[in-house]
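Descriptive structure summary
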Protein chains: 2
Amino acid sequence: MQQTRLDTARIRAARRVIDPVFLGTPLYRCEALEPGLGCAVSIKLETANPVRSFKGRGTEVVASLLAEHGPRAVVCASAGNLGQALAWSGRGRGLDVTVVASRFATAAKLDRIRALGAGLELVDGDHELARERAAAIARYDGIRLVEDSLDLETCEGAATIGLELVEARERAKPEAQAIRAGLTDLTDLTDQADQAELAEHAELPNPAPPFDAVLIALGGGALATGVGHVLKALAPGVEVICVQPLGAPALTRSWHERRVVTTDSTDTIADGVAGRCPIPAVLDDLLLVADDAVLVRDSSIIAGMRMLLDHAGLVVEPSAALGIAAILEDRDRFAGRHVVTIVCGSNVDGDAYRRWVGAAGLPHRV
Amino acid sequence: MQQTRLDTARIRAARRVIDPVFLGTPLYRCEALEPGLGCAVSIKLETANPVRSFKGRGTEVVASLLAEHGPRAVVCASAGNLGQALAWSGRGRGLDVTVVASRFATAAKLDRIRALGAGLELVDGDHELARERAAAIARYDGIRLVEDSLDLETCEGAATIGLELVEARERAKPEAQAIRAGLTDLTDLTDQADQAELAEHAELPNPAPPFDAVLIALGGGALATGVGHVLKALAPGVEVICVQPLGAPALTRSWHERRVVTTDSTDTIADGVAGRCPIPAVLDDLLLVADDAVLVRDSSIIAGMRMLLDHAGLVVEPSAALGIAAILEDRDRFAGRHVVTIVCGSNVDGDAYRRWVGAAGLPHRV
């Protein structure tokens, strides 16, 4: 493929500087979800870590580089998850972290940013205004601006999820099964570490079929370009599908029109992916790695959140249900296939969650 | 220490036959829980897998041995989690699995056992009657009876959690930090694999202090004797605390009196740990590895479930909240310490969960 800004060797190296608490996250088939979706579904769970989202993978890369040779002060704009993750990663390395967020951001996210000791500045506007303000602070104070999705560390940190997906897929392949059963040797496999890991497990009798599509929440684009880059490089047969809310469609529209399209406003409950102004360099990368970008209704996101609660026991934030929403809106497309959805965050306000998922809280079993 | 029935080398070997989907589960500090508990708390999350409990670790060992040389038919009594896990592990290996359960068992658990293709027989009584019936089926049909906690595979499978805890604790030690920083070499460490893993990570700047206590749900005893054995063998300074509901206190009372004590009935919402008739051999092991066994009220279990939902975003079944309940009931004991609690299952009926955690579902943020 044509070259994205990302580099697979750097992504492999990123795993060595990311705190292991963010790595090797669960990937498991969730059969209880499947009757309602009509396809095999595996969950890549990015919420069981100290910041309850995948963003720690990227901020660990950012903060470890800064701790080595960068300035000790850093500022970012965030809908909440990046800020929380940067606060966590920065705290451990003695960095001075400032987060700029919309005053309409999810309160639970803002509370955690404060609790982690970061400075928090609220702007009276949306995420794009927070981005402008963060850039102004960086210029004025001469400190490092971390720009989500533009800064390669944020993309390449997120891309380590892709490495884990590819490795798991290798393990599930029939030839890997044969290797495990002693029917062949390991020399055909690409990666020494993969071989060692495969050899370690004598058998794997309950495999899912190798997945053939990955559904990725599309916000600024770090997660989609990161995971997409790795999949296109190492597992090009896997379909990379980005999912964005209908009420925040700027990057999806940009992808379809192959040029930056902005919107005047956003209207979605999926606060984590509600941008209006796509970054040109990120769009260029996305054009190289995404096979499709689709828009889903908030009602489908809510249905997805409800299914994840009911059948997987997972409380998730709206952006983490985008993948399930995409299946619900286009069952025919996925029928009979094996789809991975990245459950990317669980930072949600309890009151809002209850309002969305149902006044009665946990809905009745279906 | 005196010898339990368990063997550390066999526990290490068990990791090679357990499907990796059950291994290397998240262990992470959950700071949002800490203001309410007064101590550092880390969660070992055993719910993000195809059966939503830790039981798959044991049933993978059981089923892989049976697939190699045992009978192809197997029966177990279960409150639901063991049966679901055995159904999963057996399905992958072509085993014929029968599960005997109380007709009062959690419906969500019974539904999943059926969905996984196991035969399900319900008895009109409690878990002890199910145990008797399973034993009778095994005798009559000449098939293998899997007895949870008595069969070493169930204990040694669960014990692999202990290996993961010990390895994480080694990584968090100041000397490991020093190694990572290049201040010393790796030769003092016990295990080659640990050394390699430590060397892989250049830095780990956000460590929790090494934990000094582990809270373990006590039911039949497989989890407690398994994890306890490994901790006492490899990290003897860590306090091993078993937690059981006041309404199902048989094994805890037995531990305190150092003889088997049975009860006539149980009365607790924690269905997964509600036994009445402790197994003598399991008690003997527990006497060797547990530092304490405590009883907690169901109201504390519910408060723990609510805290895990509110502050960790985790839906758990009652037995998985026993550890948090123990902290809530004895804050002074844990003040200022770092405690690991094993979140051992999330198979819960939605209606019951809503009833316990609050009619309004997700409670308001505090």
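Residues numbered from 1 in each chain as written. Chains lettered and ligands numbered in written order. Predicted model: local features only at pLDDT ≥ 70, side-chain atom pairs only at ≥ 80, totals over all residues. Heavy atoms only, no water.

Re the state of the cysteines
Per the stated rule, a full pass over the model turns up 0 disulfides over all chains. Just so you know, C155 of chain A is unpaired, no disulfide at all, and the nearest cysteine sulfur is the one on C242 of chain A, 12 Å from it. Free of any disulfide, C277 of chain B has its nearest neighbouring cysteine sulfur in C76 of chain B, separated by 17 Å. (Disulfide = S-S within 2.5 Å.)

Quick notes on helix α14 (residues 322–329) of chain A
Among the 8 residues of α14 of chain A, 7 are classified as buried, and the element is accordingly described as predominantly covered. Residues of α14 of chain A that are buried include every one of L322, G323, I324, A325, A326, I327 and L328 of chain A, and no others. (Buried < 20%, exposed > 50% of the residue type's maximum accessible area, 1.4 Å probe, protein only. Helix = DSSP H or I, 4+ residues; strand = E, 2+ residues; numbered from the N terminus.)

Observations regarding the sheet that holds strand β10 (residues 338–343) of chain A
Residue and element names in this part refer to chain A. Taken together, 6 strands build an open sheet; the order of strands is β1-β2-β10-β7-β8-β9 and the sheet is mixed. Unpaired on one side and paired on the other, β1 (27–29) and β9 (292–296) mark the two borders of the sheet. Across the sheet, the mean angle from the axis of one strand to that of its neighbour is 25 degrees, orientation sign disregarded. In this sheet, strand β8 (residues 239–245) lies alongside strand β7 (residues 213–217) in parallel orientation, the contact comprising 5 bridges. Bridge pairing in β8 links A217 to V243. (Pairing = 2+ DSSP bridges. Axes fitted to C-alpha atoms, helices over the stretch in contact; angles between N-to-C directions.)

Quick look at the sheet that holds strand β6 (residues 144–146) of chain B
Backbone-to-backbone hydrogen bonds join strands into a sheet, with any given pair of strands oriented parallel or antiparallel. All names here are of chain B. A sheet is described by the order of its strands in space; here 4 strands give the open sequence β5-β4-β3-β6, paired in parallel fashion. Each edge of the open sheet is held by one strand with a lone partner, namely β5 (119–123) and β6. The sheet shows a mean angle of 25 degrees between the axes of neighbouring strands, direction not considered. Taken together, the 3 bridges between strand β3 (residues 73–77) and β6 define a ladder with parallel strand orientation. Bridging from a neighbouring strand, C76 pairs with V146 of β6. Contacting β3, β4 (96–102) and β6, helix α4 (residues 81–92) runs over the sheet at an angle of about 165 degrees to β3. (Contact = heavy atoms within 4.5 Å.)

Comments concerning the side chain of T341 of chain A
Residue position: T341 of chain A is located in strand β10. In contact with T341 of chain A, not counting residues within four places along its chain, are V41, S42, I43, K44, L215, G323 and I324 of chain A.

Quick look at the environment of L295 of chain A
Here L295 of chain A shows up in strand β9. Once residues lying within four places of it in the same chain are set aside, the contact partners of L295 of chain A are Q244, P245, L246, P249, T252 and E329 of chain A.

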